[in-house]
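The primary structure of each chain is shown beneath.
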Amino acid sequence: MERLQGRRTPLRRSLWVVGTYLLVGWLWITFSDYLVQQWFPDPEVLSRVQTYKGALFVLVTGLALFLLLIRQFANDRKLLSLYRHQRKENRELSQFRESVIERANVWINVLDPEGRVVLWNKAAEDISGYPREAVIGSDEIWQQLYPDEENRARIRERANEILRDEGEVVGYETWITTRDGRERQLSWNSRSLRNEAGELAGSIAIGQDITDIRQAENTVRRRERQLSTIMDNLPGMAYRCRYDEFWTMLSVSNGCRELTGYEPDELVNNSLVSYAELIDEACNETILRTVESAIGNAEPFSIEYPITRKDGRKIWVWERGRGVEGEGELVLEGIILDISDRKELEDELSELATRDPLTGVLNRREMTRILEEEVARAKRYDRELAFLWIDFDHFKTINDEHGHAAGDSVLRAASALLAGCVRSVDSVGRFGGEEFVILLPEMDRREALETAERLRRLVSDAPQPLGNGSTVALTISIGVSVFPDHGESADTLCAAADRAMYQAKADGRNRVVLAPLTEEAHNP
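Only a predicted model underlies this, so the values are computations on that prediction, with no experimental measurement involved.

> I'm lost on the side chain of asparagine 151 in this one. Help?
Position of asparagine 151 among the secondary structure elements: in helix α5 (residues 149-163). In this structure the side chain of asparagine 151 is engaged in a polar contact, spanning 2.7 Å, whose partner is the side chain of arginine 154. When sequence neighbours within four positions are dropped, the list of residues in contact with asparagine 151 reads Tyr146 and Trp175.

Given below as structure tokens:
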């Protein structure tokens, strides 16, 4: 009916214009002729006036027609411009639909107030497997996407809430069953739609396929749990720390508790104490140089150093790590192990390598090394150095009469006596059998002779145990040499002291003999 009335409107307007024109023309002709005849009775004048009157009528009606056409053309131009604008908007809307809605990589669908699908974009087709021809205008798709009735009822209720404008959905996750039977997880954002009159016109839903994302997240979480389990079961502390003066821990494994005595959160970010405070202060410079060198060479570092635990106990640790780029800064990652037992074993092995297994004093190899170092130091600083060569008198008799076990007991007791009666800077060693040597740094001839005599008396005055409750008297013969008077090398000092010791034995034993001066000492 409205379209019919719309078609009749131009006809009525046209009839009204024509009728008006005819009426005005009739009135003009009728009354103008009457008036002209009354005003101009002369036929010749009347004829001219009639001509002018006709021309005036044509001019006036032409002007009126001109104005009417101008107005009509202006309206037509406006209508044409509006039509072009509408065509442009429709084209842009179509392009928007094509570029944004159809080409979007997210599922977009629109429902009418009855829950029927009125828009189903390409992504919805690709994800679900259902083409729009099978979906548009129907609400049966939800039974296919959500075959479980209870789950479907719950989801439809949420959709109906949105259609009733009772809220909106953000990040609502559901599982759908695709056309080929696969399960896909989607995250939905949905809200109601209103038309230009403000009335509810349906709802729009945007769904993102997050199946792969959730699988990746689950994989990452699983790997993190595995890594956490591995780190927590490592025999030590795995760490990640800043490369700063405090070695600020960013994260540590639970092994921190057993290694340092501190809880992980007490070390992280220096909450209670920084890791640098646990390290022996004397080692900080060495650690820093080692780490700097490794970072500069782009290689891992390994270092051993002592730390102090929370309970005050000192332990040795071994650290292995490397520098990595993390979050815009250089950080260190690695592991720290308690090597106190290994260190103790190494010390024991080192002790065994340098000590005589029977007496516990230095063995010949270590004693020779120390003698050479002390001779070099004495030369460098122009200091004196004394060397004693000691031999137990008649020791073979003790072995023959009481047995080798008793002889070993005498050697242990006598060597302990000698070692306990010299300075801390002095060194006592066993060169073999019953021959012992003592190195006395920065000691001249007079002091060396006094020390040797004191040791001789000490041994002779103290009976030595045989290990069976009995004791035996023991004396020693001592040869003394002094650097540089009796030699300027380890070998010459040893030889001079050895000869002096044999001279003491030749002179009757239980005595001290000073080696004779060298020619250089006689003629300085």
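Next comes the rest of the account.
> Would you explain the confidence of the model for the chain in this entry?
For residues with low pLDDT, the predicted coordinates do not support detailed interpretation. On average, the chain scores 85 in pLDDT, and the residues at 70 or more come to 91%. Confidence over residues 1-7 falls short of pLDDT 50; this stretch has zero contacts with residues more than four positions distant or in other chains.

> Is there a simple way to think about a positive patch on the surface in this case?
A cluster of basic residues, Arg221, Arg222, Arg223 and Arg225, forms a positive patch at the surface. Along the chain, the position of arginine 222 falls in helix α6 (residues 211-232).

> What exactly am I supposed to notice about the packing of aromatic side chains here?
Each pair of aromatic rings is reported with the distance of its centres and the angle of its planes. For the structure shown, the criterion picks out seven aromatic pairs. Arranged with centres 5.0 Å apart and planes meeting at 70°, the rings of tryptophan 107 and tryptophan 120 form a pair that is edge-to-face. You can see tryptophan 107 sitting in strand β1 (residues 107-111) and its partner tryptophan 120 sitting in strand β2 (residues 117-120), a full 13 residues away along the chain. Judged by its relative accessible area of 0%, tryptophan 107 is buried. Of the residues examined, tryptophan 120 reaches a relative accessible area of 1% and is grouped as buried. With a centroid separation of 6.4 Å and 70° between ring planes, the pair formed by phenylalanine 387 and tryptophan 389 is classed as edge-to-face. Residue phenylalanine 387 shares its accessibility class with tryptophan 389, and that shared class is buried. A connected cluster of aromatic rings, assembled from ring pairs, spans Trp107, Trp120 and Trp188.

> Can you walk me through unusual backbone geometry in this structure?
In terms of backbone geometry, most residues other than glycine have negative phi values and most peptide bonds are trans. A cis geometry characterises the amide bond from phenylalanine 483 onward to proline 484, with omega recorded as 5°. Residue position: proline 484 is located in the loop between β16 (476-483) and α16 (490-506). The phi angle at asparagine 269 is positive, at roughly 55°, despite the residue not being glycine. By the secondary structure assignment, asparagine 269 is in the loop between α8 (264-267) and α9 (275-278). Overall, asparagine 269 belongs to the partly exposed group, its relative accessible area being 49%. In this structure, arginine 509 takes a positive phi of about 70° despite not being glycine. On the secondary structure map, arginine 509 appears in the loop between α16 and β17 (512-514). Under the relative-accessibility criterion, arginine 509 is labelled partly exposed at 30%.

Definitions and limits used
- Residues numbered from 1 in each chain as written.
- Predicted model: local features only at pLDDT ≥ 70, side-chain atom pairs only at ≥ 80, totals over all residues.
- Heavy atoms only, no water.
- Helix = DSSP H or I, 4+ residues; strand = E, 2+ residues; numbered from the N terminus.
- Polar contact = N/O pair within 3.5 Å; in protein donor to acceptor, adjacent residues only side chain to side chain.
- Contact = heavy atoms within 4.5 Å.
- pLDDT = per-residue confidence, 0-100.
- Patch = residues over 30% accessible without salt bridge, like charges linked within 9 Å, V, L, I, M, F, W, Y side chains within 5 Å.
- Areas by Shrake-Rupley, 256 points an atom, 1.4 Å probe, with all protein chains shown as cover.
- Salt bridge = Lys/Arg side-chain N within 4 Å of Asp/Glu carboxyl O.
- Lys, Arg positive; Asp, Glu negative; His and termini not counted.
- Charge placed at Lys NZ, Arg CZ, Asp CG, Glu CD.
- Phe/Tyr/Trp six-rings, centres within 6.5 Å; stacked < 30°, edge-to-face > 60°.
- Buried < 20%, exposed > 50% of the residue type's maximum accessible area, 1.4 Å probe, protein only.

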